[in-house]
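Architecture at a glance
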Amino acid sequence: MRHNGPRFSRAGQQGSAPSSQPTRTAAPDDEAPLPVVVVGLGAIGREVAACALLHPDLELVGAADPRFAGKPLRELVDGAPDLRVAESGAALYRKAKGGVALLCTGSLLEDVAEEIEVAVRAGLHVVSSCEELSNAGFVDPELADLLDRAAQRAGVAVLGTGVNPGFVLDRLPATLGAVVGEVRRVEALRVVDVATRREALRRKVGLGLTEEEFERQGDEGTIGHVGLSESCALLADGLGLTVDEIEEEIDPLVAEQALTVGDLRVEAGRVRGLRQVAMAFDEGREVARLTLEMGLGLPEPRDWFRIEADPPLEMLIPGGIPGDRATAWALVNAAPRVAGSEAGLLSVLDLPAGR
């Protein structure tokens, strides 16, 4: 199933310049932990809160989610302080001014932009798991420019990050580009067995659907991974590749026979997962290809990429980087870096290496 509609028709938009010269934000006080609040307490938000409690440079001072408003946070997150979940982030931001809002509320830029602006106006930096925020200028240049200007006016920074997009298929291979000559082409593959992942991801890959149902939901944009084209554009930018078009395809992986893994079962002929591919072109020549396979019982889960350059580089991570916990740590480890970074809308390519 090939998609060339509005969701993926963003050719040549990566690498948009910021609206003006960024200004340096105030570095966090080295003596005091950085206050953080978590907004959105779904599976990823709860992981983020748990990781924030373990980070020596952060202090979790609040959490918000209308679904759990009024509940003690410790009922949702083991070891949490004696806090009650707030109805909204706005109710918490005053107590965390100068700190970081960790937003885990959505995948689409237009769905999280308003919450980002509220946090920014309250004087908080923002680190979000929103996949489209990872490369906002590629998704919506006008909205990205508005967010960039708002953050610069407030003297804070805004970042979208995670394991994918944010690391495995973009920042990690782009970092290795620092030790090679001119890059001719890059290819990457991530294989994920959803038997070990959260229920929301299993729904996202269409587990158990018919092929017709998969096609319909794919056309509606309710199935598949958000952020693969964004990763492709980031990676191309990080490796210095010229790109004038990015295309994306998504197809079902169908069980040839009945498949049972633990308490999960997919009948023969039903969807066991998906294969999603993003391709970047320069004057018709493919210069980057990212492939994401997610499904039930997929053999050899792994992360792999190859950079065609001088010298060529190839890297394999057997088993792959665990998605949910790695995403949570990506946000939490980025928080102190963002708080001491330049004001404005950032990408992961703007962050220094390491923690």
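Heads up: these notes are all about the structure in this document. Computed from a prediction, not measured in an experiment: that's the story for all the values here.

Side note on the packing of helix H2 (residues 109–121) against helix H4 (residues 141–154)
- It is the contact of H2 with H4, at a shortest axis distance of 10 Å, that shows an interaxial angle of 10°. On the basis of the axis angle, H2 is roughly parallel to H4. Crossing angle aside, the handedness with which H2 passes H4 is left-handed. Contacts from Leu-109, Glu-110, Ala-113, Ile-116, Glu-117 and Val-120 of H2 reach H4 at Leu-143, Leu-147, Ala-150, Ala-151 and Ala-154.
- The class makeup of the residues in the contact of H2 with H4 is nine nonpolar, no polar and two charged.

Re the sheet that holds strand E4 (residues 100–103)
- Read across the sheet, six strands follow the order E3-E2-E4-E5-E6-E15 without closing on themselves; strand pairing throughout is parallel. At either end of the open sheet lies a strand with only one pairing partner, and these are strand E3 (58–64) and strand E15 (344–345).
- Of the strand pairs in this sheet, strand E5 (residues 125–128) and strand E6 (residues 157–160) are connected by three bridges, and their pairing is parallel. If you follow Val-126 over to E6, its bridge partner there is Val-158.
- Running at roughly 165° to strand E2 (residues 34–39), helix H1 (residues 43–54) makes contact with E2, E3 and E4 of the sheet.

Reading the values: rules and limits
- Residues numbered from 1 in each chain as written.
- Predicted model: local features only at pLDDT ≥ 70, side-chain atom pairs only at ≥ 80, totals over all residues.
- Heavy atoms only, no water.
- Axes fitted to C-alpha atoms, helices over the stretch in contact; angles between N-to-C directions.
- Helix = DSSP H or I, 4+ residues; strand = E, 2+ residues; numbered from the N terminus.
- Parallel < 35°, antiparallel > 145°, perpendicular 65-115°, else oblique.
- Left-handed = near helix turned anticlockwise from the far one by under 90°.
- Contact = heavy atoms within 4.5 Å.
- Nonpolar A, V, L, I, M, F, W, Y, C, P; charged D, E, K, R; others polar.
- Pairing = 2+ DSSP bridges.

It is worth stressing that arrangement in space is one thing and function is another; only the former is reported here.
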